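The residues making up each chain are set out below.
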Amino acid sequence: MAGVRIGIAGVGRIGAMHAANAVTTPGVSSVVLADVDAGRARAVAGGLGAEVAAGGAQLLRSGIDGLVVATGTAEHPALVEAAVDAGIPVLCEKPVAPDVASSLPLLAHVAARGGVVRVGHQRRFDRGYAEAKRALDAGELGWLHALRAVTCDQTPPPVAFIATSGGLFRDCSVHDVDVIRWLTGREVVEVVARGSNNGDPAIGGVGDVDSAAALLVLDDGTLATLGASRYNGAGHDVRLELQGSRGSLVVGLDERSALRSAEPGVTFPAGTPHTTFAERFADAYRAELAAFADLVAGTGGEQLCTPEDAVAASAVADALQRSLEEGAPVRVEPLAVAAR
């Protein structure tokens, strides 16, 4: 059977990574790139042996079987709608739209047209998170009494990005929210969030915090905590601790963990910590792209995040941001769209 032809809209940092993964993915026969910066598209394509289309409209007419959307968030809805209208399956980087309110009409359009859309929450393809889900589903941990999630960047992104990202909870902790919902099968019903700014004052100047903590209450009473920072000098630190009545697991605890023990004589972990999310989740991103190629070919892709789940996670992130701003607990209203 012939391989699938994948188009990628947007070849910034994440789009270029998807392009590099696509050209080495079994079952992908060709890759076509488009970007608002035509020179950048040509440069990335030239290094990979990919084709170039002159903009999103031409990309959709170039005979692609599937589309990866990695443009700026504001362009996501129009590209997703156009691809759905053309009958082309889509993998869209999160979020699918700038906010939950503008996401709901897009979800309705996708449903009405019978579109195939998935959203880039790559942690579902990380081997540690996958093992945690297997163990939890198998009952090996018993019932959960606590989840503790950490997502910390070694250094902050440019302030210009932070100014348009929607805040630390929306661009960073939303990944923790997605995997907590995915692992547990539960909804978040209430959140409490706090934040601080002890780093670059410019981050506070654009309305964000550089470190944050939050409590999430799940619909069965289980408690989860989130920690996030843009200044984790030890390295890029992503972990999730699951504590159950029968056992505990930690995702992200290995020789490259960005921490060290204070106990005398303990040398673990001894490896070099990851420095960026792209490095930490390199294998997961490759597996996610391969799953999308399978989805396009009609041979798999079940683990990919649905747009309904992505919007539900974004709604929790919105509630966290509101709690941060108001200094009070916030209830998370059900969207009636989530389906794991």
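Residues numbered from 1 in each chain as written. Predicted model: local features only at pLDDT ≥ 70, side-chain atom pairs only at ≥ 80, totals over all residues. Heavy atoms only, no water.

**Let's talk about the UniProt feature "domain: Gfo/Idh/MocA-like oxidoreductase C-terminal" (unreviewed entry) in the protein chain**
For step 1, the next point in the chain: Feature annotation in UniProt assigns "domain: Gfo/Idh/MocA-like oxidoreductase C-terminal" (unreviewed entry) to the following positions: residues 133–331.
For step 2, the next point in the chain: Secondary structure content for residues 133–331 is 36% helix and 24% strand, and the end C-alpha separation is 26 Å. (UniProt positions renumbered as here; feature names shortened; annotations may be inferred. Helix = DSSP H or I, 4+ residues; strand = E, 2+ residues; numbered from the N terminus.)

**Focus on the packing of helix H8 (residues 168–184) against helix H12 (residues 307–326)**
Geometrically, a packed helix pair is captured by the angle between its two axes and the distance between the axes.
For step 1, the next point in the chain: Taken N-terminus to C-terminus, the directions of H8 and H12 make an angle of 125°; their axes are 8 Å apart at the nearest point. Of the possible angle classes, the one that applies to H8 and H12 is oblique. Between H8 and H12 lies a crossing whose hand is right-handed. Here H8 contributes Phe169, Arg170, Val174, Val177, Asp178 and Arg181 to the contact with H12, which in turn contributes Asp309, Ala312, Ala313, Ser314, Val316, Ala317, Asp318, Leu320, Gln321 and Leu324.
For step 2, the next point in the chain: Looking at the contact of H8 with H12, its residues break down into 9 nonpolar, 2 polar and 5 charged. (Axes fitted to C-alpha atoms, helices over the stretch in contact; angles between N-to-C directions. Parallel < 35°, antiparallel > 145°, perpendicular 65-115°, else oblique. Left-handed = near helix turned anticlockwise from the far one by under 90°. Contact = heavy atoms within 4.5 Å. Nonpolar A, V, L, I, M, F, W, Y, C, P; charged D, E, K, R; others polar.)

**Digging into the packing of helix H4 (residues 76–85) against helix H5 (residues 100–113)**
For step 1, the next point in the chain: Their axes nearest at 10 Å, the elements H4 and H5 cross at an angle of 5°. Considering their axes alone, H4 and H5 lie roughly parallel with respect to each other. For the pair formed by H4 and H5, the contact residues are Pro77, Val80, Glu81, Val84 and Asp85 on the first element and Leu106, His109, Val110 and Arg113 on the second.
For step 2, the next point in the chain: Looking at the contact of H4 with H5 residue by residue, the class counts come to 5 nonpolar, 1 polar and 3 charged.

**Brief notes about the pattern of salt bridges**
For step 1, the next point in the chain: Applying the stated rule across the entire model yields 22 salt bridges.
For step 2, the next point in the chain: Notably, a salt bridge pairs Asp35 with Arg40, separated by 2.9 Å at the nearest N-O pair.
For step 3, the next point in the chain: Judged by relative accessible area, which is 13%, Asp35 ranks as buried.
For step 4, the next point in the chain: With a relative accessible area of 36%, Arg40 lands in the partly exposed category.
For step 5, the next point in the chain: Among the charged side chains, a network of salt bridges with common partners joins Arg124, Asp178, Arg181, Glu187 and Asp309. (Salt bridge = Lys/Arg side-chain N within 4 Å of Asp/Glu carboxyl O. Buried < 20%, exposed > 50% of the residue type's maximum accessible area, 1.4 Å probe, protein only.)

**Remarks on the sheet that holds strand S6 (residues 117–120)**
To summarise the sheet geometry, strands pair through backbone hydrogen bonds and adopt either a parallel or an antiparallel arrangement.
For step 1, the next point in the chain: Read across the sheet, 6 strands follow the order S3-S2-S1-S4-S5-S6 without closing on themselves; strand pairing throughout is parallel. Taken across any chain shown, the strands that pair with only one partner, and hence form the sheet edges, are strand S3 (51–52) and S6.
For step 2, the next point in the chain: Judged from the 4 bridges that link them, strand S5 (residues 90–93) and S6 form a sheet pairing that is parallel. If you follow Cys92 over to S6, its bridge partner there is Val119. (Pairing = 2+ DSSP bridges.)

**What to know about the sheet that holds strand S13 (residues 330–331)**
For step 1, the next point in the chain: Spatially, S12-S11-S7-S10-S9-S8-S13 is the arrangement adopted by the 7 strands of the open sheet, whose pairing is mixed. Sheet topology places strand S12 (248–251) and S13 at the edges, where each strand pairs with a single neighbour.
For step 2, the next point in the chain: The pairing of strand S9 (residues 211–218) with strand S10 (residues 223–229) spans 7 bridges and is classified as antiparallel. Paired with Ala213 across the bridge in S10 is Gly227.
For step 3, the next point in the chain: Against the sheet, helix H6 (residues 127–137) makes contact with strand S7 (144–152), strand S11 (237–244) and S12, and its axis sits at roughly 160° relative to S12, the strand it touches most.
For step 4, the next point in the chain: Relative to the sheet, H12 contacts strand S8 (188–196), S9, S10 and S13, its axis offset from that of S8 by approximately 50°.

**Here we look at the nonpolar core**
For step 1, the next point in the chain: In this structure, Ile8, Leu33, Tyr129, Val191, Leu216, Leu242 and Leu320 are the most contacted members of the largest nonpolar core, which totals 67 residues.
For step 2, the next point in the chain: Residue contributions to this core peak at 9 residues, all from H8.
For step 3, the next point in the chain: In this view, Val191 contacts Leu215, Leu216, Val316, Ala319, Leu320, Ser323, Ala328, Pro329, Val330 and Val332; residues no more than four positions away in its chain are not counted. (Core = buried A, V, L, I, M, F, W, Y, C linked by side-chain atoms within 4.5 Å.)

**Quick look at the packing of aromatic side chains**
For step 1, the next point in the chain: Applying the stated criterion to the full structure yields 1 aromatic pair.
For step 2, the next point in the chain: Stacked on the ring of Trp182, the Lys or Arg Lys133 has its end atom at 5.3 Å from the ring centre. (Phe/Tyr/Trp six-rings, centres within 6.5 Å; stacked < 30°, edge-to-face > 60°. Lys NZ or Arg CZ within 6 Å of the ring centre and 35° of its normal.)

**Thoughts on unusual backbone geometry**
For step 1, the next point in the chain: In this structure, Pro95 follows Lys94 across a cis peptide bond, with omega equal to -5°.
For step 2, the next point in the chain: Omega for the peptide link from Phe268 to Pro269 comes to -5°, which places this bond in the cis form.
For step 3, the next point in the chain: If you trace the backbone, Pro269 turns up in the loop between S12 and helix H10 (277–280).

**Let's talk about the side chain of Arg5**
For step 1, the next point in the chain: Of note, Arg5 is situated in strand S1 (residues 4–9).
For step 2, the next point in the chain: Of the polar contacts made by the side chain of Arg5, one reaches the side chain of Ser30; its length is 3.0 Å.
For step 3, the next point in the chain: Residues in contact with Arg5, not counting those within four places in the same chain, are Ser29, Ser30, Val32, Glu51, Ser62, Gly63, Ile64, Asp65 and Gly66. (Polar contact = N/O pair within 3.5 Å; in protein donor to acceptor, adjacent residues only side chain to side chain.)

**Some details on the pairing of S10**
For step 1, the next point in the chain: With 5 of 7 residues buried, S10 lies mostly within the body of the structure.
For step 2, the next point in the chain: In the sheet, S7 pairs with S10 via 7 bridges, with the strands oriented parallel. From the neighbouring strand, Leu147 faces S10, where its bridge partner is Ala224.
For step 3, the next point in the chain: Linking S9 back to S10 in an antiparallel pair, the connection comprises 4 residues, with Gly221 at a positive phi of about 95°.

**Regarding H5**
For step 1, the next point in the chain: Its 14 residues place the ends of H5 20 Å apart at the C-alpha level, agreeing with the 20 Å of an ideal helix rising 1.5 Å per residue.
For step 2, the next point in the chain: For H5, the complete set of buried residues consists of Val100, Ser103, Leu106, Leu107 and Val110. For H5, the angular spread of the buried residues around the axis is 110°, confining them to a single face. Pointing more than 90 degrees away from the buried face of H5 are the exposed residues Ala101, Pro105 and Ala112.
For step 3, the next point in the chain: In this structure, the buried side of H5 is in contact with H4, S6 and H12.
For step 4, the next point in the chain: Sitting at the amino-terminal end of H5 is Asp99, which places a side-chain oxygen 3.3 Å from the backbone nitrogen of Ala101.
For step 5, the next point in the chain: Phi turns positive one or two residues past the end of H5, at Gly114, with a value near 65°. (Expected span 1.5 Å × (residues − 1). Arc of directions from axis to C-beta.)

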